Each structure stands twice: as C-alpha cells, then as structure tokens.
Amino acid sequence: MANALRNVKVLPNSASLEEARQRVFDFFRAASRSLPAVMEIYNLYDVTSIAQLRSTVASEIRKNIHVTDPKVIDMLLFKGMEELKNVVNHSKQRHHIIGQYVVGQQGQVQDSASKDQGISPFLKNFYSSNYF
C-alpha cells in the first residue's frame, strides 16, 4: 500500500481553483483506496467499518469547504497527505486511530453526574470554563 501512495503526490501549486478541487477529489480517492489496508493494519474490524471511515474522511474534507484560495487548499492537501502516509506507514498506534477517526472530536459520552457529587461549586465552574 505504501507503493500506491508514492504515486499520489500533492504538487506545490495549483493554477486555479478548479485544479485544486480536482486534487482534493484525487486525494479522497487515494484515501478511500487505502482504507482497507488501514483496517487490516490497525485491526479495526471490531470497532468500525470501511464505510464509516470513508464518511469520516469525507467529513474532515468538508470541514474546509469554505476555503477558496488554491494555495491554502494545496497546503491542506499536503497536510492531509502527510496524515494519510503516517496512518498507512503505521506511525500511529491503534488507540490514536480510534480516538481521532472512530470516536471523533466530540469524544466518548461520559456520565458526569456521578462524578460531580463531591465537587465544590468553584471546581464545577472551573471545569465548565474555557481554561480546562
């Protein structure tokens, strides 16, 4: 699979927005084609499916749908390609993949009511603020 990723490279500059858009589609295709290998490498069959990982990759790409500058799109493609190479080359551990792409950014749902019983109001306010 690493050999397949060598052929997919993000060139330094896109000439137009349409060319950058085409490169995003090419990156998504490369990421989708590498998902079966990722499932095998990290043994994710008990946690998620290929379709769920593909939708996670698509949602990560859609987060930047508002970007219209081709140079910024090229930079985001470079970062995405580096992340994909790190995942395929097994530079991350299984729990990193599960935490980032299976569980997601919102994290697991925790029952905070049972933990808040002996906490002072000051600590409750501190934990709910932006400093924690």
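Residues numbered from 1 in each chain as written. Predicted model: local features only at pLDDT ≥ 70, side-chain atom pairs only at ≥ 80, totals over all residues. Heavy atoms only, no water.

J.: When you look at the environment of alanine 15 in this model, what are you seeing that I'm missing?
T.: Looking at the secondary structure, you find alanine 15 in the loop between helix 1 (2-7) and helix 2 (17-42). Alanine 15 gets classed as exposed once you look at its relative accessible area, which sits at 72%. C-alpha separation for the pair alanine 15 and proline 70, spaced 55 residues apart in sequence, amounts to 7.5 Å. (Helix = DSSP H or I, 4+ residues; strand = E, 2+ residues; numbered from the N terminus. Buried < 20%, exposed > 50% of the residue type's maximum accessible area, 1.4 Å probe, protein only.)

J.: What's the story with the layout of surface pockets in this structure? I'm lost.
T.: Taking a probe equal in size to a water molecule and rolling it over the atoms shows the remaining empty space. Roughly 1100 Å³ of internal volume is contained in the largest pocket. Forming the walls of the largest pocket are 35 residues, and the residues nearest its centre are Phe27, Val57, Glu60, Ile61 and Arg62. When contributions to the lining of the largest pocket are tallied by element, the ones reaching two or more residues are helix 2, helix 3 (50-62), helix 4 (70-88) and helix 5 (94-103). The element best represented in the lining of the largest pocket is helix 2, accounting for 11 residues. Among the residues making up the lining of the largest pocket, the classes are represented as 22 nonpolar, seven polar and six charged. (1 Å grid on protein atoms, 1.4 Å probe; cavity = no way out; pocket = protein on both sides within 12 Å on 5 of 7 lines; lining within 4 Å. Points joined across faces, edges and corners; volume = space filled by probe spheres on them. Nonpolar A, V, L, I, M, F, W, Y, C, P; charged D, E, K, R; others polar.)

J.: How should I be thinking about the nonpolar core in this particular structure?
T.: Soluble globular proteins: nonpolar side chains tend toward being buried together. In terms of nonpolar packing, the biggest core is built from 20 residues, with Val38, Tyr42, Leu44, Ile73 and Leu84 touching the most fellow members. Elements supplying a minimum of two residues to this core: helix 2, helix 3, helix 4 and helix 5. Looking at which element gives the most residues to this core, the answer is helix 2, with eight residues. Setting aside its immediate chain neighbours within four residues, leucine 44 contacts Val38, Met39, Leu53, Arg94, Ile97 and Ile98. (Core = buried A, V, L, I, M, F, W, Y, C linked by side-chain atoms within 4.5 Å. Contact = heavy atoms within 4.5 Å.)

J.: Help me understand a nonpolar patch on the surface in this model?
T.: On the surface, a cluster of nonpolar side chains totalling about 400 Å² of accessible area is made up of Phe122, Leu123, Phe126 and Tyr127. One can find leucine 123 in helix 6 (residues 121-128). A relative accessible area of 31% means that leucine 123 is categorised as partly exposed. (Patch = residues over 30% accessible without salt bridge, like charges linked within 9 Å, V, L, I, M, F, W, Y side chains within 5 Å. Areas by Shrake-Rupley, 256 points an atom, 1.4 Å probe, with all protein chains shown as cover. Salt bridge = Lys/Arg side-chain N within 4 Å of Asp/Glu carboxyl O.)

Shape is all these values report; function is a separate question.
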